[in-house]
Amino acid sequence: HMFPALIKKAHEVKIKDKKELILWGNGKAKREIIYVDDIADACIYFMKKKFKETTINIGTGKDFSIKQYAEMVLKLIIPNKKIKIKYDLSKPNGTPRKVLDVSLAKKYGWKSKTDLKKAILQTYRDFLKRKSRT
């Protein structure tokens, strides 16, 4: 849920020509995100495989802080403008870290393939398409 909200906030900064982006908490909480096409790819991959485990985590195995994601999103969506990130400390940080152990998926030969920057840009393009339909 964090990432679509971040894309929306960055878009609002862009179209309203704001000078700052406000994040909940202190921006230090870490999250792992994965592009939807990689999840679909993993589902197909493991439907065709035989394995004894009942659960296999699907993820990138990499996490970044909310602040780092915000910086990446701003740099890609508003590349020619310096936007200040401010923190609303009255709001919660949430769980300090959310990242999956993807060692089993790697053991069976699967890993995510989509570059994070490409995923951010594609997600933003999708956001713009959906927004134009409403």
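Above this text is the structure in question.
For clarity, every value in this text was computed on a predicted model and none was experimentally measured.

Student: Mind showing me how you'd approach a positive patch on the surface here?
Tutor: Taken together, the side chains of Lys-8, Lys-16, Lys-18 and Lys-131 define a basic patch exposed on the protein surface. For Lys-131, the location among the structural elements is in helix α5 (residues 116-133). The exposure class of Lys-131 is partly exposed, given its relative accessible area of 41%.

Student: Which parts of the structure should I look at to understand the packing of helix α1 (residues 2-15) against α5?
Tutor: Axis angle and axis distance: for two packed helices, these are the angle between their axes and the distance between the axes, and together they describe the pair. Two elements in contact, α1 and α5, have axes separated by 11 Å at closest approach and are oriented at 70°. On the basis of the axis angle, α1 is roughly perpendicular to α5. Contacts between α1 and α5 involve Phe-3, Ile-7, Lys-8, His-11 and Lys-14 from the first element and Ile-120, Thr-123, Tyr-124, Phe-127, Leu-128 and Lys-131 from the second. Split by residue class, the contact of α1 with α5 holds six nonpolar, two polar and three charged.

Student: Quick question: what am I supposed to make of the pattern of salt bridges here?
Tutor: Pairing between side chains of opposite charge can happen when their charged atoms approach one another. Applying the stated rule across the entire model yields seven salt bridges. Between Asp-17 and Lys-81 there is a salt bridge, with its nearest N and O atoms 2.4 Å apart. Of the two residues, Asp-17 sits in the loop between α1 and β1 (20-24) while Lys-81 sits in the loop between α3 (66-77) and β4 (84-88), which places them 64 residues apart along the sequence. Judged by relative accessible area, which is 28%, Lys-81 ranks as partly exposed. The closest approach of N and O atoms between Asp-63 and Lys-30, which form a salt bridge, is 4.0 Å. One end of the pair, Asp-63, is in the loop between α2 (36-47) and β3 (64-65); the other, Lys-30, is in strand β2 (residues 30-31), and 33 residues separate them in sequence. With relative accessibility at 11%, the residue Asp-63 sits in the buried group. Assessed through its relative accessible area of 29%, Lys-30 is described here as partly exposed.

Student: Got a minute to help me understand α3 in this structure?
Tutor: For an α-helix, the turn length of 3.6 residues means that residues three or four places apart are oriented alike. Between its terminal C-alpha atoms α3 stretches 16 Å, which fits the 16 Å expected from 12 residues at 1.5 Å a residue. Of the residues making up α3, those classed as buried are Ile-66, Tyr-69, Ala-70, Met-72, Val-73, Leu-74 and Ile-77. Each element contacted by the buried residues of α3 is listed here: α1, β1, β2, β3, β4 and α5.

Quick notes on the rules
- Residues numbered from 1 in each chain as written.
- Predicted model: local features only at pLDDT ≥ 70, side-chain atom pairs only at ≥ 80, totals over all residues.
- Heavy atoms only, no water.
- Patch = residues over 30% accessible without salt bridge, like charges linked within 9 Å, V, L, I, M, F, W, Y side chains within 5 Å.
- Areas by Shrake-Rupley, 256 points an atom, 1.4 Å probe, with all protein chains shown as cover.
- Salt bridge = Lys/Arg side-chain N within 4 Å of Asp/Glu carboxyl O.
- Lys, Arg positive; Asp, Glu negative; His and termini not counted.
- Charge placed at Lys NZ, Arg CZ, Asp CG, Glu CD.
- Helix = DSSP H or I, 4+ residues; strand = E, 2+ residues; numbered from the N terminus.
- Buried < 20%, exposed > 50% of the residue type's maximum accessible area, 1.4 Å probe, protein only.
- Axes fitted to C-alpha atoms, helices over the stretch in contact; angles between N-to-C directions.
- Parallel < 35°, antiparallel > 145°, perpendicular 65-115°, else oblique.
- Contact = heavy atoms within 4.5 Å.
- Nonpolar A, V, L, I, M, F, W, Y, C, P; charged D, E, K, R; others polar.
- Expected span 1.5 Å × (residues − 1).

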